[in-house]
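Residue-level listing of the chains:
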Amino acid sequence: MLKRGLKIALVQLAVGPDKAKNVAHAVQEIHLAKEKGAQLVALPECFNSPYGTQFFNEYAEEVPSGSTCHALSKAAAEAGVCVIGGTLPERCGNKLYNTCTVWDNTGKLLARHRKMHLFDIDIPNKITFKESEVLSAGDQITTFEYQGIKIGLGICYDLRFFEMARLMADQGCSLLVYPGAFNMTTGPRHWELLGRARAVDQQLWVALVAPARDTSAHYVSWGHSALIDPWGAVRAQLADQPDTLLVDIDLSIVDEVRSQIPIRVQRRTDIYDTIKKS
């Protein structure tokens, strides 16, 4: 392990219509990442189901009692790694959420983040998508600690809202992880750009974890999972096919950037601030 660091694996999975097969593939990749030295493994958005409003109800399950959660918990414990379980459609009463679960190396549920900002967009002749037709929005900022490192979670569209990232940074996060499935319209334009923006404006590491591209799918993912350092440099990035990014995160770079460019203490909080409402 690096001094004040962490070896993480970003798994860009191929996702199909067979839920059991999707989950089994994810479990296999978790174990393979561990064999390569990973201490934390992150999966993409909607890794156990196709992405689309017409699929969420069919594939939804309760957290943490559902079959996908049981599989992630068991894999985390058996491999001895922390697993950021991408997202799955969560059923809670009569509501559905797009939810990220986190499991520590004993299989314990560490955190649950429900996507706060629902993907409702309309780009004429390109893409129209409205998650709010089926999903409910989460209402909590989600952070957790693993091996002494504070990590914040966002899901896909959450990446566009810097206020959310600011609050996670204020809570002490050195790494933000965003499972996401940007599409073929917004992906090439904004996926890397927004990840680099969040890394620079909050002076921390940002991990973007996408599903692999399937051009036959109803919704086509851009792919290009990436790890970005606090200087805004893309340290490593995948293309669009199934693959795993294995990278060491050196947290001393967070301290380096924040001391050399001290924007955190230069903010004019007498004029503006970002606050969390209770």
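Note that the structure is a prediction, hence the values are computed from the model and not measured.

## Details of the side chain of Arg 267
Among the secondary structure elements, Arg 267 is positioned in the segment after helix H7 (263-266). Here the side chain of Arg 267 touches Asp 273 through a polar contact of 3.3 Å, side chain to side chain. The residues contacting Arg 267, other than those within four sequence positions of it, are Arg 166, Tyr 272, Asp 273 and Thr 274.

## With respect to the pairing of strand S9 (residues 142-146)
Extensive coverage of S9 is indicated by the burial of 4 of its 5 residues. Strand direction decides the pairing type here: S9 and strand S10 (residues 149-153), joined by 5 bridges, are antiparallel. By the bridge assignment, Tyr 146 is partnered in S10 with Ile 149. Between S9 and the antiparallel strand that follows it, S10, lie 2 residues; Gln 147 among them carries a positive phi value of about 50 degrees.

## Some remarks on the UniProt feature "domain: CN hydrolase" (unreviewed entry) in the protein chain
Mapped onto this numbering, the UniProt entry annotates "domain: CN hydrolase" (unreviewed entry) at residues 6-251. Helix and strand shares over residues 6-251 are 25% and 31% respectively, and the end C-alpha atoms of the span are 8 Å apart.

## Here we look at helix H4 (residues 162-170)
Of the positions making up H4, those classed as buried are Met 164, Ala 165, Arg 166, Leu 167, Met 168 and Ala 169. Looking at the buried positions of H4, the neighbouring elements they touch are strand S6 (109-114), S9, S10, strand S11 (175-179), helix H5 (187-202) and H7. Of the residues one or two after H4, Gly 172 is the one with positive phi, at around 100 degrees.

## Points about the environment of Ser 225
By the secondary structure assignment, Ser 225 is in the loop between strand S12 (205-209) and strand S13 (226-228). Judged by its relative accessible area of 0%, Ser 225 falls in the buried class. Linking Ser 225 and Phe 182, residues 43 residues apart in sequence, is a C-alpha distance of 10 Å. Contact partners of Ser 225, with chain neighbours within four places excluded, come to Gln 12, Trp 191, Leu 208, Val 209, Ala 210, Ala 236, Gln 237, Leu 238 and Leu 245. Side-chain polar atoms of Ser 225 contact the side chain of Gln 12, separated by 2.8 Å.

What counts, and where the lines are drawn
Residues numbered from 1 in each chain as written. Predicted model: local features only at pLDDT ≥ 70, side-chain atom pairs only at ≥ 80, totals over all residues. Heavy atoms only, no water. Helix = DSSP H or I, 4+ residues; strand = E, 2+ residues; numbered from the N terminus. Polar contact = N/O pair within 3.5 Å; in protein donor to acceptor, adjacent residues only side chain to side chain. Contact = heavy atoms within 4.5 Å. Buried < 20%, exposed > 50% of the residue type's maximum accessible area, 1.4 Å probe, protein only. Pairing = 2+ DSSP bridges. UniProt positions renumbered as here; feature names shortened; annotations may be inferred.

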